[in-house]
Amino acid sequence: IVTALAALAVGATVLTSSIAAHAQDKKFTVALIPGLTTDGFYITMRKGAEAAAKAVGAELVFQGAPEFNPVLQVPVLDAIIARKPDAILIAPTDKVQLVEPLKKAQAAGIPVITVDTFIGTGNYQTGAGDADFPLAYIASDNVLGGRIAARSLAKAIGEKGKVFVSNVKPGVSTTDQREEGFKDEMKNFPGIEVLETQFNDNDSNKAASQLQSVFARNPDLAGVFGANLFSALGAANGVQQAGQTGKVKVVAFDAPPSIVDNIKSGLVDIAIAQHPAEIGYYGLISAFAHLTGQSIPVSIGTGFTVMDKDNVDKPEIAQFIYKD
Ligand code: T6T
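What this report covers is the structure whose coordinates are included nearby.

About the thresholds
Counting restarts for each chain, with residues numbered from 1 along the sequence as it is written. Under the rules for a predicted model, residues below a pLDDT of 70 receive no local features and side-chain atom pairs below 80 are neither given nor counted, while totals for whole chains, interfaces and linings still include all residues. Remark: hydrogens and water are excluded; side-chain values derive from all non-hydrogen atoms of the structure. Counting from the N terminus, the helices are the DSSP runs of H or I reaching at least four residues and the strands are the DSSP runs of E reaching at least two. Buried, partly exposed and exposed residues are distinguished by accessible area as a fraction of the type maximum, computed with a 1.4 Å probe on protein chains only: under 20%, between the cut-offs, and over 50%, respectively. By definition in these notes, contact holds between two residues if any of their heavy atoms fall within 4.5 Å. Every accessible area reported is derived by Shrake-Rupley at a probe size of 1.4 Å, with residue values counting cover from the shown protein chains alone. Charged residues are defined narrowly, with Lys and Arg counted positive, Asp and Glu counted negative, and His plus the chain ends left uncounted. Where a charge lies is defined by one atom per residue type, namely NZ (Lys), CZ (Arg), CG (Asp) and CD (Glu). Two aromatic rings, drawn from Phe, Tyr or Trp (for Trp, its six-membered ring), form a pair once their centres lie within 6.5 Å of each other, and the interplanar angle then sorts them: stacked below 30 degrees, edge-to-face above 60, tilted otherwise. Here, nonpolar core refers to any group of buried Ala, Val, Leu, Ile, Met, Phe, Trp, Tyr and Cys residues whose side-chain atoms link them within 4.5 Å. The pairing criterion is simple: DSSP has to find at least two bridges between the two strands. Classification remark: right-handed applies to a crossover when, strands pointing away from the viewer, the course from the first strand over the helix to the second runs clockwise. By definition, a salt bridge exists where a carboxyl oxygen of Asp or Glu is found within 4 Å of a side-chain nitrogen of Lys or Arg.

Re the overall build of the protein
Of the regular secondary structure elements, the protein holds 11 helices and 13 strands. If you line up the protein on its principal axes, its C-alpha atoms span 85 × 40 × 35 Å. Looking at the protein as a whole, 53% of its 324 residues qualify as buried. Long-range pairs, those at least 24 residues apart, make up 73% of the contacts in the protein with a sequence separation of at least 6. With the model as given, the accessible surface of the protein reaches about 14000 Å², and the carbon-plus-sulfur share is 55%. Side chains of the protein give 27 positive and 33 negative charges; the mean places of these two sets differ by 2 Å.

This is the structure we're talking about:
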């Protein structure tokens, strides 16, 4: 009997490993749908995902819309679902508006992982609510990022004066959380007044003119927090156009080369760089792990690198400047 059981066990092992080998022989196709295609943040994320795809022998399909807009992102998602990839990585452009469209992927049996942004509350696989079906959420801790921005701006303005947040639009999980963290942290600085948030629809020209209008109404404006790449670039341009370089302090979220140039010229004080390549890398690896029968963490947090004039040339910092 013992010998028979042992033979059975050996047989079972052989069977399992041959299934695993078979699974790994298959070349998986993973789609990455960014918030928009022309954004150094997502371009860098794509590079991370490509590196991971190469490492595990998967194929990466990168397809997105030219603007950060659910109306443009949903047709891209529909087209991707029709191609039946093995998994979808997506940065949903709205917490609510992408829920139903992503349910179609789930109904088609395509596992969904969200990267950068989330749908619903971002707490997945809890059995609660109608938006907990994605397998994992891989992103920066955006509330923490907003807190870091608040502390940096408070320091830059000597803990007193008027500031505001230049933001994208309500409903985007990442930038909503950055604003939340920023405002909450600012409660620790009684000398600072946080003015009304200006929403720019991810248009840096709009952000620049909003900065100038806020400055016209508040000539004692002390600082601004640009809550993402386009908000920060626009706010910095607005400060420059208002002739306030160095007087109105700018804290930027995201770190494309243009923001780094602004740090060097003194227009931007601090940039909070996310690690988008890590988000892409771990997104792809998580999808692959799931597809090959591994359990995966429901959330993975990636880090930040805070850049300023003094450290931005150091290689260990400069490696986190986004790619164009
Ligand atoms: O800040 C990133 C990203 O995290 C956010 O969700 C949308 O804006 C960016 O892509 C930068 O433009």
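Examining the packing of aromatic side chains
Given two aromatic rings, one states the distance between the centres and the angle between the planes to describe the pair. For the coordinates displayed, the defined rule picks out 9 aromatic pairs. Ring geometry for F28 against F288: centres 5.9 Å apart, planes inclined by 80 degrees, an arrangement best described as edge-to-face. Here the residue F28 occupies a position in the loop between α1 (2-25) and β1 (29-33), and F288 occupies one in helix α10 (residues 276-291), the gap between them amounting to 260 residues. Relative accessible area serves as the criterion here: at 5%, F28 is assigned to the buried category. Ring geometry for Y281 against Y282: centres 5.6 Å apart, planes inclined by 65 degrees, an arrangement best described as edge-to-face. Look at Y281 and you get partly exposed, because its relative accessible area is 30%. According to the relative accessible area criterion, Y282 is partly exposed, its value standing at 39%.

Notes on the nonpolar core
Among the nonpolar cores identified, the biggest contains 55 residues, and L32, L89, V115, L221, I259, L284 and M307 are the most heavily contacted of them. Counting residues per element, this core draws most heavily on helix α8 (residues 229-241), which supplies 7 residues. Apart from the residues within four sequence positions on either side, L284 is in contact with V30, A49, A52, A53, V56, L60 and L89. V61, V74, A131 and F133 belong to the second largest nonpolar core, which has 24 residues in total.

As for the pairing of strand β6 (residues 161-167)
Burial runs high along β6: 6 of the 7 residues are buried. Bridge analysis of β6 against strand β7 (residues 192-194) gives 3 bridges, and the strand direction is parallel. Bridging from a neighbouring strand, K162 pairs with E193 of β7. For the segment spanning β6, helix α6 (residues 173-186) and β7, crossover handedness is right-handed.

What to know about the pairing of strand β5 (residues 136-140)
Taking burial as the measure, the 5 residues of β5 include 5 buried ones, the bulk of the element. The pairing of strand β4 (residues 112-115) with β5 spans 3 bridges and is classified as parallel. Counterpart to I113 in the pairing with β5 is A136. Bridge analysis of β5 against strand β12 (residues 299-302) gives 4 bridges, and the strand direction is parallel. By the bridge assignment, A139 is partnered in β12 with G301.

Concerning the pattern of salt bridges
Under the criterion given, the structure shown has 15 salt bridges. A salt bridge links K206 to D201; its shortest N-O distance comes to 2.9 Å. The exposure class of K206 is partly exposed, given its relative accessible area of 34%. A single network of salt bridges, built from pairs that share partners, joins R147, R151, D184, E185 and K187.

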